Amino acid sequence: MTSRITDPTFTGGAAVRPDGTLLFAKPPGRSAAEWDMLARAMLGQALRVPLPELPEPYRICEP
């Protein structure tokens, strides 16, 4: 899904739905390479798979 959030600091998001599936929100205007890196990092976080740290200025946070 493409998000309507236009804040330049928002690089994407993921949420676990009640049925256990994941919903990824991609902000508009992100390059394919950037989104690939972030989506993989969010998926790894959701599955609790150890992954290398993201490069600056990216970070994964949980509410």
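The structure contained in this document is the topic of the report that follows. (Residues numbered from 1 in each chain as written. Predicted model: local features only at pLDDT ≥ 70, side-chain atom pairs only at ≥ 80, totals over all residues. Heavy atoms only, no water.)

## A short note on the side chain of Arg 30
Counting through the fold element by element, Arg 30 comes out in the loop between β2 (22–25) and α1 (32–46). In contact with Arg 30, not counting residues within four places along its chain, are Asp 7, Pro 8, Phe 10 and Thr 11. (Helix = DSSP H or I, 4+ residues; strand = E, 2+ residues; numbered from the N terminus. Contact = heavy atoms within 4.5 Å.)

## Quick notes on a nonpolar patch on the surface
Residues Leu 43, Leu 47, Val 49 and Leu 51 make up a contiguous nonpolar surface patch of about 350 Å² in total accessible area. Along the polypeptide, Val 49 turns up in the segment after α1. (Patch = residues over 30% accessible without salt bridge, like charges linked within 9 Å, V, L, I, M, F, W, Y side chains within 5 Å. Areas by Shrake-Rupley, 256 points an atom, 1.4 Å probe, with all protein chains shown as cover. Salt bridge = Lys/Arg side-chain N within 4 Å of Asp/Glu carboxyl O.)

## Considerations on the pairing of strand β1 (residues 13–16)
Bridge count between β1 and β2: four bridges; the pairing is antiparallel. The residue bridging Gly 13 from the neighbouring strand is Ala 25, located in β2. Joining the antiparallel neighbours β1 and β2 is a turn of five residues, in which Gly 20 adopts a positive phi near 95°. (Pairing = 2+ DSSP bridges.)

## Looking at the pattern of salt bridges
A full pass over the atoms with the stated rule returns two salt bridges. A salt bridge links Arg 30 to Glu 34; the nearest nitrogen and oxygen atoms lie 3.7 Å apart. In this structure, Arg 30 and Glu 34 share a single accessibility class: buried. Measuring nitrogen to oxygen at the nearest pair gives 2.9 Å for the salt bridge that ties Asp 36 to Arg 40. Here Asp 36 pairs with Arg 40, and both are found in helix α1, just four residues apart, close to one helical turn. (Buried < 20%, exposed > 50% of the residue type's maximum accessible area, 1.4 Å probe, protein only.)

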